[in-house]
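Summary of structural features
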Amino acid sequence: MNDGFCWWDVTDKAEQIFASDSIELYILYDDRSESLIESIDELVMAKSLNLKVVMELGFVNEKPNLWNKCKRILNNGHWYIKLSDALKTL
């Protein structure tokens, strides 16, 4: 979204996620508005209208900068970083 809020598109697995009752799902409309899915009927209707079914990820202000925050190693013309450094950055 333009405001930095991120959604994860789970349309292809929405029924399974909804049935597990483990996380709230939303319908994301073409005008960038959203609504909480409260019933399986709403979910089915959203999919029949080719709307995205999403779950919240939250605000993302800045992407991690692996280049500046991780130790780099140059080997045969290729740069490498430690996976543990990358995971700490994320």
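Details of the structure are given in the entry above.
Residues numbered from 1 in each chain as written. Predicted model: local features only at pLDDT ≥ 70, side-chain atom pairs only at ≥ 80, totals over all residues. Heavy atoms only, no water.

With respect to the pairing of strand β4 (residues 52–59)
- As defined by bridge partners, strand β1 (residues 5–9) adjoins β4 across five bridges and the pair is classed as antiparallel. The partner of C6 across the bridge, within β4, is G58. (Pairing = 2+ DSSP bridges. Helix = DSSP H or I, 4+ residues; strand = E, 2+ residues; numbered from the N terminus.)

Regarding the sheet that holds β4
- With antiparallel pairing, four strands are arranged side by side in an open sheet as β1-β4-β2-β3. Lying at the two open borders of the sheet, with one neighbouring strand each, are β1 and β3 (34–36). Neighbouring strand axes in the sheet, compared pairwise and without regard to direction, differ in orientation by 45° on average.
- Helix α2 (residues 40–48) rests against β2 (26–28), β3 and β4 of the sheet, and its axis sits at about 100° to β4. (Axes fitted to C-alpha atoms, helices over the stretch in contact; angles between N-to-C directions. Contact = heavy atoms within 4.5 Å.)

Thoughts on unusual backbone geometry
- We note that D21 has phi near 55°; this positive angle belongs to a residue other than glycine.
- When you line up the elements, D21 lands in the loop between α1 (14–20) and β2.
- The residue N76 is not glycine, and still its phi comes out positive at about 55°.
- Following the sequence through the fold, N76 ends up in the loop between β5 (72–75) and β6 (78–81).

What about the side chain of T11?
- By the element assignment, T11 lies in the loop between β1 and α1.
- The exposure class of T11 is buried, given its relative accessible area of 18%.
- Other than its neighbours up to four places away in sequence, T11 contacts K47, L51, K52 and V53. (Buried < 20%, exposed > 50% of the residue type's maximum accessible area, 1.4 Å probe, protein only.)

A look at the environment of K52
- Here K52 is to be found in strand β4.
- The class for K52 is partly exposed, based on a relative accessible area of 46%.
- Sequence separation of K52 and D30 is 22 residues, and the distance between their C-alpha atoms is 8.9 Å.

As for the nonpolar core
- Within the largest apolar cluster, 11 residues are counted, these being V10, A14, I17, L25, I27, I37, L43, A46, L51, V53 and M55.
- At the level of secondary structure, the elements contributing two or more residues to this core comprise α1, α2 and β4.
- The contact partners of I37, leaving out residues within four places of it in the chain, are F18, L25, Y26, I27, E42, L43 and V53.
- Listed in part, the five residues of the second largest apolar core include F5, Y26, L28 and V54. (Core = buried A, V, L, I, M, F, W, Y, C linked by side-chain atoms within 4.5 Å.)

Function cannot be read off these values alone, since they describe shape.
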